[in-house]
Amino acid sequence: MARIAFFGPEGTFTEQAARSLAGGAELFPVETISAALTVVRKGEADGACVPVENSVEGPVTATLDGLAEDAPLVAVAEALLPVQFSVLSRDDVETVRTVASHPHALAQVRLWLERNLPEARPVVASSTAAAAVGVQRGEYDAAVAAPVAVEHYPLRVLATGVADVPDARTRFLLLRPPGPLPEPTGADRTSIVVAAANRTGSLAELLTELAMRGINLTRLDARPIKGDFGMYRFFFDFEGHVAEPRIADALAALRRRCNNVRFLGSHPRADGVEATVQAGAGNDDFVNADAWVESVRKGELA
Ligand SMILES: O=C(O)C(=O)C[C@]1(C(=O)O)C=C[C@@H](O)C=C1
């Protein structure tokens, strides 16, 4: 049976995402995002489920950095979860002085904490569920956790449905070693990371290759190349699948301009949003244009 590691411990949002993506695989928790990627790279797991971006706090940098470095992994599926938190404490806690959670979770409830627990000092934990474990152990007074956490850690529920921003969401990836890709569906996302050259216009040139082909970007993030101050990698997510001629043409153009492009996967979008395709930039247009050039080469057309 396939084994999938998830960013744990049990009771994280990531576990919920992994359950929706794993398709009957055995799931097991690991303590950090980097450990989840490592067990796949070492062959100790067939895949890993990790968060990648949140609609309030933005990119999950441990995931981005982990995908850019070391042996390549590719995303083969994604899940999108609505994020609302429960605030958990122990029965014996009368006044909450410390409230722990993952940094992304604390960022999503900052206003709520200011209004409802003004005396409490926010403390960073490795995940929302790790914060709940810490409350059980007496390390913190309260945890901002996923609603399912209380099923694993029997704590007192101080509040439910906590979220400063209604409709907050986090997107999660199922990562595997490079191998066969999922079939294109028409509502797909492709991800790459590029170390653009340090010269005027190099990023603009890469973006222009996508724009010229009518390819819609869904995310652009920059992360520093560690140990090389002032140098950045750029993470592009865009609509479409590498199996499509228009996307293959764009990737080839990016690769021509920059030999430091890493493919991070093509997979169906969790929100099912179909790619916008501009007039003259559809797959048939690319195939027909190639066929026309071929005919010209053969002397059949002028
Ligand atoms: O700590 C968790 O429960 C996670 O799965 C991580 C994570 C994140 O990285 O954004 C996932 C969803 C929430 O936005 C808060 C934390």
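Residues numbered from 1 in each chain as written. Predicted model: local features only at pLDDT ≥ 70, side-chain atom pairs only at ≥ 80, totals over all residues. Heavy atoms only, no water.

**Brief notes about the UniProt feature "domain: ACT" (unreviewed entry) in the protein chain**
Item 1. Within the UniProt annotation, "domain: ACT" (unreviewed entry) is assigned to residues 191-269.
Item 2. Helix and strand shares over residues 191-269 are 30% and 35% respectively, and the end C-alpha atoms of the span are 12 Å apart. (UniProt positions renumbered as here; feature names shortened; annotations may be inferred. Helix = DSSP H or I, 4+ residues; strand = E, 2+ residues; numbered from the N terminus.)

**Topic: the domain arrangement of the protein chain**
Item 1. The domain boundaries assigned to the protein chain delineate domain 1 (1-81 + 170-178), domain 2 (84-162) and domain 3 (181-302).
Item 2. For domain 1 and domain 2, the distance between their C-alpha centroids amounts to 23 Å.
Item 3. For the pair domain 1 and domain 2, the summed buried area comes to about 1200 Å², and 64% of that belongs to carbon and sulfur atoms.
Item 4. Taken as a group, Gly 11, Phe 13 and Glu 57 account for 38% of the area that domain 1 buries against domain 2, more than any other trio of residues on that side.
Item 5. Across the contact surface, domain 1 and domain 2 share 0 salt bridges.
Item 6. Secondary structure elements with two or more residues in the side of domain 1 that touches domain 2: helix H1 (13-21) and strand S4 (58-59).
Item 7. Top contributing element to the side of domain 1 that touches domain 2 by residue count: H1, with 3 residues.
Item 8. Counted by class, the side of domain 1 that touches domain 2 contains 6 nonpolar, 6 polar and 4 charged residues. (Domains from an automatic or database assignment. Buried area = accessible area lost by both parts, 1.4 Å probe. Salt bridge = Lys/Arg side-chain N within 4 Å of Asp/Glu carboxyl O. Nonpolar A, V, L, I, M, F, W, Y, C, P; charged D, E, K, R; others polar.)

**Quick look at the site of the ligand**
Item 1. Looking at the ligand, there are 15 residues lining it, with Phe 13, Thr 14, Gln 108, Thr 128 and Thr 170 nearest.
Item 2. In this structure, Phe 13 approaches the ligand through a main-chain N or O atom, which is 3.0 Å from an oxygen atom.
Item 3. One of the side-chain N or O atoms of Thr 128 is found 2.4 Å from an oxygen atom in the ligand.
Item 4. Protein burial of the ligand: of its 360 Å² of free accessible surface, 100% is covered by the chains. (Near = heavy atom within 4 Å. Polar contact = N/O pair within 3.5 Å; in protein donor to acceptor, adjacent residues only side chain to side chain. Areas by Shrake-Rupley, 256 points an atom, 1.4 Å probe, with all protein chains shown as cover.)

**Things to note about the pattern of salt bridges**
Item 1. Within the structure shown, the criterion is met by 24 salt bridges.
Item 2. Its salt-bridge partner being Asp 167, residue Arg 169 comes within 3.3 Å of it at the nearest N-O pair.
Item 3. Note on Arg 169: relative accessible area 35%, which makes it partly exposed.
Item 4. Residues joined in a network through salt bridges with shared partners are Glu 53, Glu 78, Arg 171, Arg 189, Arg 219, Asp 221 and Asp 237. (Buried < 20%, exposed > 50% of the residue type's maximum accessible area, 1.4 Å probe, protein only.)

**So, helix H10 (residues 283-297)**
Item 1. In this model H10 runs 21 Å from its N-terminal to its C-terminal C-alpha over 15 residues, within 8% of the 21 Å that 1.5 Å per residue would give.
Item 2. Just downstream of H10, Gly 299 is the residue with a positive phi angle, here 80 degrees. (Expected span 1.5 Å × (residues − 1).)

**Brief notes about a nonpolar patch on the surface**
Item 1. Together, Trp 292, Val 293, Val 296 and Leu 301 make up a nonpolar patch on the protein surface, roughly 330 Å² of accessible area in all.
Item 2. Tracing the sequence through the fold places Val 293 in helix H10.
Item 3. According to the relative accessible area criterion, Val 293 is partly exposed, its value standing at 34%. (Patch = residues over 30% accessible without salt bridge, like charges linked within 9 Å, V, L, I, M, F, W, Y side chains within 5 Å.)

**Here's the deal with the side chain of Thr 12**
Item 1. Along the chain, Thr 12 turns up in the loop between strand S1 (3-7) and H1.
Item 2. In terms of polar contacts, Thr 12 uses its side chain to reach the backbone carbonyl oxygen of Phe 7, at 2.8 Å.
Item 3. The residues contacting Thr 12, other than those within four sequence positions of it, are Phe 6, Phe 7, Ser 127, Thr 128, Ala 129 and Ala 146. (Contact = heavy atoms within 4.5 Å.)

**Remarks on the nonpolar core**
Item 1. Within the largest apolar cluster, 35 residues are counted, with the highest numbers of intra-cluster contacts made by Phe 85, Val 87 and Trp 112.
Item 2. Here this core spans two domains, since at least three of its residues come from each of domain 1 (1-81 + 170-178) and domain 2 (84-162).
Item 3. Not counting chain neighbours up to four residues away, the residues in contact with Trp 112 comprise Val 87, Leu 117, Ala 159, Val 162 and Asp 164.
Item 4. Judged by nonpolar contacts, the second largest core, of 24 residues, contains Ala 5, Val 30, Leu 73 and Leu 173. (Core = buried A, V, L, I, M, F, W, Y, C linked by side-chain atoms within 4.5 Å.)

**Thoughts on the confidence of the model for the protein chain**
Item 1. Here the protein chain shows a mean pLDDT of 97. Residues at 70 or above account for 100%.
Item 2. For this predicted complex, the interface score ipTM comes out at 0.96, while the overall pTM is 0.96. (pLDDT = per-residue confidence, 0-100.)

**Here's the deal with the sheet that holds strand S15 (residues 261-268)**
Item 1. Sheet architecture is open: 4 strands sit in the order S13-S14-S12-S15, paired in antiparallel fashion. Since the sheet does not close on itself, it has two edges, and those belong to strand S13 (217-224) and S15, each with one partner. Strand-to-strand twist across the sheet, computed as the mean angle between neighbouring axes with direction ignored, equals 15 degrees.
Item 2. Pairing geometry for strand S12 (residues 188-194) and S15, over 7 bridges, is antiparallel. Note that in S15 the partner of Ser 191 across the bridge is Gly 265. (Pairing = 2+ DSSP bridges. Axes fitted to C-alpha atoms, helices over the stretch in contact; angles between N-to-C directions.)

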